[in-house]
Amino acid sequence: MSLIKAYVKLLGFLLALLISCTGFGQEETVRIKGQVRSFNNDVSNVLVVNLNSKKSTITDMEGLFSLEVEPRDSIQFSALQYISKKIMITAEILKQRLILVDLVENVVKLDGVTVTPNNLTGKIDLDIHRLGIDQVVTSSSLGLPNGNVTVMPRSERSLFEADRGKLIAQGIKFDSTPMTPMVFAKFNTHKLLNRLIGRTKSLKDVVSRDESSKMENKIVKMFSRETMSEAFEISQNNIDGFLSFCSVEKDFSKLSEAKNSFQIWEYLKDKSKEYKRANNSTNWLKPIDALKPK
C-alpha cells in the first residue's frame, strides 16, 4: 500500500513539474498601443507589421495604432515617405504597453545643378522672361471646354475606336405613300467585325494588362519588395512572380477601388498564402540564382 502511495506522489510531482514547465515556456501575448511621430510629414497610413506573427495594422490620422506582440517580436514600420524602421519588443515596452516611434523622412538627394548661360537665376518665372520664351499655350490654359480632360492611354484609345457605338442602331422612318411609320435596325459593321475577328477581345486584354502593371508598380512603391518579402516569407527574387500571380486573379482589378493601403496589404497577405500553396515545392520559393545548375 505504501508503494502505491509513493507512486501516486511521484506521479503528482511529475505532473506538477510538467505543468509548471509548460507555463514557463509559453510567451504572453500583449496588446500594446503606440504612436508614430514625425515633425513634418503625414503620419497616417503607416504600415505596422509584426514580422514574427505576421499580424499587421496601419496608423490613423494621428499616427496611433495597436498591435498584439510577444517578447522579442520584431515590429517593422514602413511608408513611402519614411525610411523603414524595425523595433524589438522589450520587457520595458511590455510593462508600459506603450511604444513611441520617431520616423525619419525618406529624402531623395539630387545632384547639384549649376546654371551658367544667359545669367540665369534658377527661378523659372524670372528665367523664362529673361530668355524671351513664350508660355506654352494649351487647351487648359486657354480655358477651353474639356481642357482638363486626361488623355486616354494608347491601348484604351485603340479599344474605344474598335468598339465604339452601339452594335445595333434602331430608328423609325416614314413611308411617303402613305405616311406610315416603319421601324428599322442598322448593324454597326465596324464594331461587329472587330468582335468577330477577336480584335476587341485582344485590345481588352491589353488594357487589362496595362492596368494590372500600373497597380503592381503602385504596390511596390507603397510597400517595397523587402517589406513584402519579410512579411510574406517569399524571397525578394520571387516578389515579381508573386505580383504576377496576383495580377491574373479576377479580383485584382478591384484593388484600384481600395480606400486605404491596409485593404491592399490584407489582400496581398491572403494571396501570399495561395501563392505558396500553389507552389508547394520549396524550390519555387528559393531565390532564382539558387535554382541554376551548378
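Each chain has its residues counted from 1, following the order in which its sequence is written. Predicted model: local features are reported for residues with pLDDT of at least 70 only, side-chain atom pairs are reported and counted for 80 or more only, and whole-chain, interface and lining totals are derived from all residues. Hydrogens and waters are ignored; side-chain quantities use all the structure's heavy atoms.

### Examining the packing of helix α6 (residues 199–223) against helix α7 (residues 225–232)
And step 1. Angular values range over 0 to 180 degrees, each being the angle between N-to-C directions of two axes fitted as lines to C-alpha atoms, with helices fitted over their stretch in contact. Helix and strand assignments come from DSSP, with helices taken as H or I runs of at least 4 residues and strands as E runs of at least 2, each series counted from the N terminus. The contact between α6 and α7 brings their axes to 6 Å, and the two run at 80 degrees. Between α6 and α7, the angle falls in the class roughly perpendicular. Together, Ile219, Val220 and Phe223 of α6 and Arg225, Thr227 and Met228 of α7 make up the contact between the two elements. Angles are sorted into four bins: roughly parallel if under 35 degrees, roughly antiparallel if over 145, roughly perpendicular if 65 to 115, and oblique for all others. The contact rule is simple, with two residues in contact once any of their heavy atoms fall within 4.5 Å.

### Description of the environment of Ser244
And step 1. Position of Ser244 among the secondary structure elements: in helix α8 (residues 239–247).
And step 2. On the accessibility criterion, Ser244 (37% relative accessible area) is partly exposed. Between buried and exposed lies partly exposed: a residue is buried under 20% and exposed over 50% of the maximum accessible area for its type, with that area taken using a 1.4 Å probe on protein chains only.

### What to know about unusual backbone geometry
Residues other than glycine predominantly adopt negative phi, and peptide bonds predominantly adopt the trans conformation.
And step 1. For Asn45, which is not glycine, the phi dihedral falls at a positive 60 degrees.
And step 2. Within the secondary structure, Asn45 is located in the loop between β1 (30–37) and β2 (47–50).
And step 3. Positive phi values are uncommon outside glycine, yet Lys54 reaches one of about 70 degrees.
And step 4. In this structure, Lys54 sits in the loop between β2 and β3 (56–58).

### Some points on the pattern of salt bridges
And step 1. The working definition used for a salt bridge is a side-chain nitrogen of Lys or Arg within 4 Å of a carboxyl oxygen of Asp or Glu. Here the structure, examined in full by the defined rule, presents 11 salt bridges.
And step 2. A salt bridge links Lys269 to Glu266, with the nearest nitrogen and oxygen atoms 3.2 Å apart. One end of the pair is Lys269 and the other is Glu266, both in helix α9 (residues 261–278) and 3 residues apart, which spans about a single turn.
And step 3. According to the relative accessible area criterion, Lys269 is buried, its value standing at 16%.
And step 4. Judged by its relative accessible area of 23%, Glu266 is partly exposed.
And step 5. Each member of the salt-bridge network shares a partner with another, and the members are Glu249, Asp251, Lys271 and Glu274.

### Concerning the nonpolar core
And step 1. Core analysis: the largest hydrophobic core is formed by 24 residues, its most contacted members being Ile219, Met228 and Leu268.
And step 2. Of all elements in the fold, only β2, α6, α7, α8 and α9 reach the threshold of two or more residues within this core.
And step 3. Beyond its immediate chain neighbours, meaning those up to four positions away, Met228 contacts Ile219, Phe223, Glu233, Ile239, Leu243, Trp265 and Leu268.
And step 4. Only buried Ala, Val, Leu, Ile, Met, Phe, Trp, Tyr and Cys residues count toward a nonpolar core, and they belong to the same one when joined by side-chain atoms within 4.5 Å. Counting residues in hydrophobic clusters, the runner-up holds 20 residues, among them Val36, Leu67, Phe77 and Leu103.

### Thoughts on the packing of helix α4 (residues 154–162) against α6
And step 1. Interhelical geometry of α4 versus α6 gives an angle of 155 degrees and a closest axis separation of 9 Å. Our classification of the angle between α4 and α6 gives roughly antiparallel. Here α4 and α6 pass one another in a crossing that is left-handed. Here Ser155, Glu156, Ser158, Leu159, Glu161 and Ala162 of α4 lie close against α6, whose contacting residues are Arg199, Thr200, Leu203, Lys204, Val206, Val207, Asp210 and Glu211. For any pair of crossing helices, the crossing counts as left-handed if the nearer helix is rotated counterclockwise from the farther one by less than a right angle, and right-handed if it is rotated clockwise.

### Notes on the packing of aromatic side chains
And step 1. Each pair of aromatic rings taken from Phe, Tyr and Trp, with Trp reduced to its six-membered ring, is defined by centres within 6.5 Å and is described as stacked if the planes are under 30 degrees apart, edge-to-face if over 60, and tilted in the remaining cases. The final tally for this structure, using the stated rule, is 7 aromatic pairs.
And step 2. Ring geometry for Phe242 versus Tyr275: centroids 5.5 Å apart, planes at 65 degrees, classification edge-to-face. Pair noted here: Phe242 is in helix α8 and Tyr275 is in helix α9, with a separation of 33 residues, a long-range link.
And step 3. When its relative accessible area of 6% is taken as the criterion, Tyr275 is described as buried.
And step 4. Residues Phe245 and Tyr275 carry aromatic rings whose centres are separated by 5.5 Å and whose planes lie at 65 degrees to one another, so their mutual orientation is edge-to-face. Of this pair, Phe245 sits in helix α8 while Tyr275 is found in helix α9, placing the two residues 30 residues apart along the sequence.
And step 5. Three or more aromatic residues joined by ring pairs make a cluster, and in this case those are Phe223, Phe232, Phe242, Phe245, Trp265 and Tyr275.

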